[in-house]
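# Topology and contacts: notes
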Amino acid sequence: MSAAGITVRGEVLLGTLGSVLLGAGGWGSGALPGGVPDGLWGRHGTPLMCVGVALSYAGLVLLVIAWWRLGTRVADGTAAGWRESYTALWCWALPLVPGPLLGSSDAYSYLAQGALAGRGRDVYVLGPAALGGPLAANVPGMWHDTPAPYGPLSVAAARAVVAVTGEHHVVAATVGLRLVALAGLGLMVWALRRLAAASGSGAAGALWAGALNPLVLLHLVGGAHNEALMLGLMTAGLLAFGRGRWAVGTVVLTAAVLVKAPAGVALLCAAAVAVAGRSGAWPRVRQAAGIAGVAVAALVAGVAVCGQGWGWLWTLRTPAEVRTLLSLSTDAGRLLGWLAEGLGWGTAAGAMTAARLAGLLVGLAAVGYWVRCAPEVGAERATGLALVASAPVVQPWYVLWAVVPLAAVSWRRLGRSGAKAAMVGLMLVVMPSGHGPTWTSGIAAAVGAAAAVAAVARWAPRERPVRERGAVVPRAAAKAPR
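Residues numbered from 1 in each chain as written. Predicted model: local features only at pLDDT ≥ 70, side-chain atom pairs only at ≥ 80, totals over all residues. Heavy atoms only, no water.

### What about the overall build of the protein chain?
Tallying secondary structure elements over the protein chain gives 21 helices and two strands in all. In the protein chain, the proportion of contacts linking residues at least 24 apart, taken out of those at least 6 apart, comes to 73%. Carbon and sulfur atoms make up 66% of the accessible area of the protein chain, which amounts to about 21200 Å² in all. (Helix = DSSP H or I, 4+ residues; strand = E, 2+ residues; numbered from the N terminus. Contact = heavy atoms within 4.5 Å. Areas by Shrake-Rupley, 256 points an atom, 1.4 Å probe, with all protein chains shown as cover.)

Below, the structure written as structure tokens:
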């Protein structure tokens, strides 16, 4: 085996160990379902919770180190190819499948909505509280009376999972959602490799930046978010458009919209490129009309098959009404509201509404600009830049809307130290339980991270210089077959 292969195997094993620790630590620090004993459920300050947090953060540190090192190997060419990234992905993802939810408890809302839909209730009018039972009991309080903000295909997938597992088997249903997320991840990997090959950017790098990203592992796999299915369909649709199969691409991208609406940006960008590729005004009009007709037909058919109606179009604003750490428009609205009430210029509610409206207009302007630029920069790059510029609310995993399409064509930019550091920083916004850090959990996290760093520093193989024909070379290279 070559020196490069030995090095990459070390990164794969290191990341696998990190994933195992992260999954194991989730039993004390994750978003556990109700009915688990209090010590494991995670009351602040309990010893088992602190142990779980320490294990989780030790695993995260190992994953990040392995991912960072693997990216360096891919960038300098010492990783053999995309197969190493593919192997690493499944070695790092599969240990997270049987464990508790990580980073968020949103998947419990998916399941409750799926169960409601299975009973024939309208999930775009009723919140999970109307369901009752163990699935609804695990939904966070802020979402109890909130209608589903997701597309009908997302609800249909959750309904299928609950139909198989039943409403009283929360753990089995969670694993079922993880399998749906893995299916989306597999589709994303398949499309990313081919998009990267078509653009000449390198499949190994695209998989490293897009699929192996720690945010993907923590939130799409660990948190079982429906972004995995959306991004899988989105990248597959962009690939179809890139190969000239615009009708297939339109159907697939419309399916992505039926999971989550932001995928519509990819459809607009891909359509702009396809239309611009026609010469002459009339051919461009026919191309645009053809794409619009197929999109409308696919949308109507998809809504009819999923059986949830059109109420999802009116609940899309729901996520923007919840304050997050990175919600720029909401934070600006709160600041303006404080100033308005203090100076007697208006009410906080009015300032919040104005700030959110301004954020929406800025987002629409950003989408319009990048759609217009799509024929020059490409559909993948335009999609990524439009989504990162237009999101009114930013949860850590929302960044993947932009990162995944950009990874297909520009992974080296994502491999810069600043971009990698930003990915790591976003992993620390929320704890494995989905809540913000506390004093006791922060100490436990620091202990776990320090232990992981110390273990890596002690365990990681060091290249000792040996002399070969008068030159100083790494020992691994000296032993490599010629």
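Still to come is the rest of the account.
### Considering the packing of helix H13 (residues 264-276) against helix H17 (residues 379-390)
Interaxial distance between H13 and H17 falls to 9 Å at its minimum, and their mutual angle equals 145°. Two packed elements cross with a definite hand, and for H13 against H17 that hand is right-handed. In contact with Val 265, Ala 266, Cys 269, Ala 270 and Val 273 of H13, H17 contributes Ala 379, Ala 382, Thr 383, Ala 386 and Leu 387. (Axes fitted to C-alpha atoms, helices over the stretch in contact; angles between N-to-C directions. Left-handed = near helix turned anticlockwise from the far one by under 90°.)

### Brief notes about the nonpolar core
Within the largest apolar cluster, 125 residues are counted, with the highest numbers of intra-cluster contacts made by Leu 70, Trp 92, Leu 185, Leu 231, Met 234 and Leu 400. Here this core takes 13 residues from helix H3 (residues 47-76), the largest share from any one element. Ignoring sequence-local partners within four residues, the contact set of Leu 231 consists of Met 188, Leu 220, Leu 400, Trp 401 and Val 404. (Core = buried A, V, L, I, M, F, W, Y, C linked by side-chain atoms within 4.5 Å. Buried < 20%, exposed > 50% of the residue type's maximum accessible area, 1.4 Å probe, protein only.)

### Considerations on the environment of Leu 361
Tracing the sequence through the fold places Leu 361 in helix H16 (residues 348-377). Residue classification places Leu 361 among the exposed positions, given a relative accessible area of 51%.

### Observations concerning a nonpolar patch on the surface
Together, Val 296, Val 300, Trp 310, Leu 313, Trp 314 and Leu 316 make up an exposed nonpolar region whose accessible area comes to about 610 Å². With respect to the element layout, Val 296 can be found in helix H14 (residues 281-306). (Patch = residues over 30% accessible without salt bridge, like charges linked within 9 Å, V, L, I, M, F, W, Y side chains within 5 Å. Salt bridge = Lys/Arg side-chain N within 4 Å of Asp/Glu carboxyl O.)

### Remarks on the confidence of the model for the protein chain
When pLDDT is averaged across the protein chain, the result is 81; 76% of the residues are at 70 or more. Long-range and interchain partners of residues 36-45, a stretch whose pLDDT sits below 50, account for 19 contacts in this model, where long-range means more than four residues apart. Low confidence marks residues 462-482, where pLDDT is under 50. Its contacts with residues over four positions away, or in another chain, come to 23 contacts. (pLDDT = per-residue confidence, 0-100.)

### Details of the state of the cysteines
Across all of its chains, the model carries zero disulfides by this definition. Cys 269 forms no disulfide, and the closest cysteine sulfur to it belongs to Cys 373, at a distance of 9.5 Å. Look at Cys 269 and you get buried, because its relative accessible area is 0%. (Disulfide = S-S within 2.5 Å.)

### Some points on the packing of helix H12 (residues 246-259) against H13
Angle between the axes and distance between the axes are the two parameters that describe a pair of packed helices. As a packed pair, H12 and H13 sit with axes 8 Å apart at the nearest point and diverge in direction by 155°. Judged by the inter-axis angle, H12 sits roughly antiparallel to H13. Contacts between H12 and H13 involve Thr 250, Leu 253, Thr 254 and Val 257 on the former and, on the latter, Gly 264, Ala 266, Leu 267 and Ala 270. Of the residues in the contact of H12 with H13, the class split is five nonpolar, three polar and no charged. (Parallel < 35°, antiparallel > 145°, perpendicular 65-115°, else oblique. Nonpolar A, V, L, I, M, F, W, Y, C, P; charged D, E, K, R; others polar.)

### Here we look at the packing of aromatic side chains
The final tally for this structure, using the stated rule, is seven aromatic pairs. Residues Trp 208 and Trp 411 carry aromatic rings whose centres are separated by 6.4 Å and whose planes lie at 75° to one another, so their mutual orientation is edge-to-face. Linking Trp 208 in helix H9 (residues 203-210) with Trp 411 in helix H18 (residues 400-414), this pair joins segments that are 203 residues apart in sequence. Each of the two residues, Trp 208 as well as Trp 411, counts as buried. Aromatic side chains Tyr 398 and Trp 401 sit 4.5 Å apart centroid to centroid with 20° between the ring planes, which places their arrangement in the stacked category. Residues Tyr 398 and Trp 401 agree in their burial class; the two are buried. One aromatic cluster is present, formed by Trp 67, Trp 208 and Trp 411 through successive ring pairs. (Phe/Tyr/Trp six-rings, centres within 6.5 Å; stacked < 30°, edge-to-face > 60°.)

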